[in-house]
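Report on the structure
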Amino acid sequence: MLGGGSARSSQGNNASAVGAICHCCASGTSNQASVVLWRHANVSGETAERRGGVRDRSRTDVTDVHSVFAAVIKASDGFHARHVTSAQHNAGSTVQVTTDFDKALRSIHAPFVLGLGFAGARLDHGLAVLTTLARYPDRRCLILGPADVTFLAPPDMTLTLPVGSRISLYPLAPVSGHSTGLRWEIDGLAFAPDGMIGTSNEVAAPRVTLRFDAPKMLVILPVRSLRAALIGLGVA
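In what follows, the accompanying structure is described. (Residues numbered from 1 in each chain as written. Predicted model: local features only at pLDDT ≥ 70, side-chain atom pairs only at ≥ 80, totals over all residues. Heavy atoms only, no water.)

Scanning the protein for helices and strands turns up five helices and 16 strands. Per-residue burial over the protein gives 50% buried out of 236 residues. Across the protein, contacts joining residues at least 24 apart in sequence account for 77% of those joining residues at least 6 apart. (Helix = DSSP H or I, 4+ residues; strand = E, 2+ residues; numbered from the N terminus. Buried < 20%, exposed > 50% of the residue type's maximum accessible area, 1.4 Å probe, protein only. Contact = heavy atoms within 4.5 Å.)

Below, the structure is given as structure tokens:
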């Protein structure tokens, strides 16, 4: 999923390495979202075959992420997706309660979604994106920034990470949990956005386990740990 913020073409290549999922032009409050899904994904709308790397571009609205999307297309040439679905969501709608990111994510049915261009450009848009992750805990969505990959933790997960690498936990609502493999374990802590947070922790063992009593905790890892995050989420 490509947003209207800044992103680098190398991020597009990294996304393609694990399978590009969808493209969405998503400004903070725009009332249209254009979605293209690849590789075992579908959304509500008309379905068409994608053959030989060709897609219908007539319904795609991209702002300033052309180079990233081009990199995704180029790096994805080896992926011959079975289906592609293009849908124009809420076209002409005047509803501004939800963002394009929200509209797109709730319509996607895919093993996972990678979001590029949603972090780093504007703080308000970034906060809206993270809030949406908590709204749809059944969607496996990872937000890629220049330095980080961020996702909503499931109730139970195991991550294989380099010892000494950073790992941050940020609560979007009151939540508690259990961990192993962290320099500072989280057992017995009551997390909340206006209270205890778990940023700037450190991996102390190759195997990190996390368990939470509510789907309200963000996990933030170095972007190089994208594949480890996908494996930990059970989608790779």
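Turning to unusual backbone geometry, a few remarks are in order. As a rule of thumb, non-glycine residues mostly have phi less than zero, and peptide bonds are mostly trans rather than cis. Positive phi, normally seen in glycine, also occurs at S200, with a value near 60°. Within the secondary structure, S200 is located in strand β14 (residues 198-202). Residue classification places S200 among the exposed positions, given a relative accessible area of 57%.

Within the open sheet, the six strands sit side by side as β7-β8-β9-β16-β11-β14. Their pairing is mixed. With one partner strand each, in any of the chains shown, β7 (113-116) and β14 form the two edges of the open sheet. Looking at each pair of strands side by side, their axes are set apart by 20° on average, direction ignored. Bridging between strand β8 (residues 141-144) and strand β9 (residues 148-152) involves three bridges; their strand directions are antiparallel. Counted as the bridge partner of I143 is T150 from β9. The strands that helix α4 (residues 123-135) touches are β8, β9 and β16 (217-222); relative to β9, the one it contacts most, it runs at about 35°. (Pairing = 2+ DSSP bridges. Axes fitted to C-alpha atoms, helices over the stretch in contact; angles between N-to-C directions.)

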